[in-house]
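Architecture at a glance
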Amino acid sequence: MVLLNLPNFPEAEALVAGVDEVGRGALFGPVVAAVVVVPFSAIALLTEWGVKDSKQLSPKQRTRLALQIQQHAIATQIGWASVREIDRINILQASLKAMKRAVDKLSVTPELCLVDGNQSIPHLHLPQQTMIGGDRLSPVIAAASIVAKVWRDELITRLAKRYPHYDLATNKGYGTAKHRLALQEYGPCRQHRQSFAPCRVNLSEFLFY
């Protein structure tokens, strides 16, 4: 992981925000974004804790680090976009909307938002810098990915009790073989993304529940 040397931050206590989303490729549930704000001087501390791309961590490691990040960061916030929004405006725009909602909830004003990916957050009235592979390159973006992942996984685990057919507690809404087979057998429910091809399986034959 790269510890960014940002030339526009001469002060160690300048506030840097990392923004990332999770659930973009899932078939079920909202897309969720998180923002984590830390002083520039604390970015190296995130690496010392073991913060890295959430996909490279076990669930137990993510849960521990999410708690640690939320306890010690200047601020953390969650934003999300619903399945209906995803189907209406597409997953990219919904992801950006979730990111903006997270940042808009902040009670502090970071000097810079580091945003994972190559798309700037529209209508964000703060300086921002996009970073392809940011969850691997920037500890503060990686911290946001962990917070978002833990929050979304907990949500999907709760929803799994309401929608038991799709093995959601295991797949967290992603399109595993078991999930796709359940879609063929039971059809999609209200929390499936109907604009995603696997969720359009003989829709007329099923009642959403």
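First, a word on scope: everything that follows refers to the structure included in this document. One numbering rule holds for all chains: residues counted from 1, following each sequence as written. The predicted origin of the model limits local features to residues at a pLDDT of at least 70 and limits the giving and counting of side-chain atom pairs to 80 or more, whereas totals for whole chains, interfaces and linings rest on all residues. Only hydrogens and water are set aside; all other atoms, that is, all heavy atoms of the structure, feed into the side-chain values.

Moving on to helix H6 (residues 139-162). Runs of E in the DSSP output that reach at least two residues are strands. Runs of H or I that reach at least four are helices, and both are numbered from the N terminus. Helix span, expected: 1.5 Å multiplied by one less than the number of residues in the helix. When the terminal C-alpha atoms of H6 are compared, their 35 Å separation across 24 residues agrees well with the 34 Å that a helix rising 1.5 Å per residue should span. Burial classes: relative accessible area under 20% of the type maximum marks a residue as buried, over 50% as exposed, and values in between as partly exposed (1.4 Å probe, protein chains only). Judged by how many residues are buried, H6 sits mostly within the fold: 18 of 24 residues are covered.

To continue, consider the layout of surface pockets. In this structure, the largest pocket encloses a volume near 240 Å³. A pocket here means an open set of points on a 1 Å grid, computed over the protein atoms alone, that has protein on both sides within 12 Å along at least five of seven lines. A cavity is instead a set of points where a 1.4 Å probe fits but cannot get out; residues with an atom within 4 Å of a point line either one. Lining the largest pocket are 12 residues; nearest its centre among them are Ser82, Val83, Arg84, Arg190 and Gln191. For the lining of the largest pocket, the elements supplying multiple residues, two or more each, are helix H3 (83-89) and H6. A total of 3 residues in the lining of the largest pocket trace back to one element, the largest contributor, which is H3. Class assignment for the residues of the lining of the largest pocket results in 6 nonpolar, 3 polar and 3 charged. By volume, the second largest pocket is sized at about 170 Å³. Around the second largest pocket, the lining residues are Asp20, Glu21, Val22, Gly23, Arg24, Ser54, Lys55, Asp116, Asp135, Ser145, Lys149 and Tyr174. Counting only elements with at least two residues in the lining of the second largest pocket, the list comes to strand S1 (15-22) and H6. Here the element with the most residues in the lining of the second largest pocket is S1; it accounts for 3 residues. Grid points are joined across faces, edges and corners, and a volume is the space filled by probe spheres set on the points. Three categories are distinguished: nonpolar for Ala, Val, Leu, Ile, Met, Phe, Trp, Tyr, Cys and Pro, charged for Asp, Glu, Lys and Arg, and polar for the others, with Gly belonging to the last.

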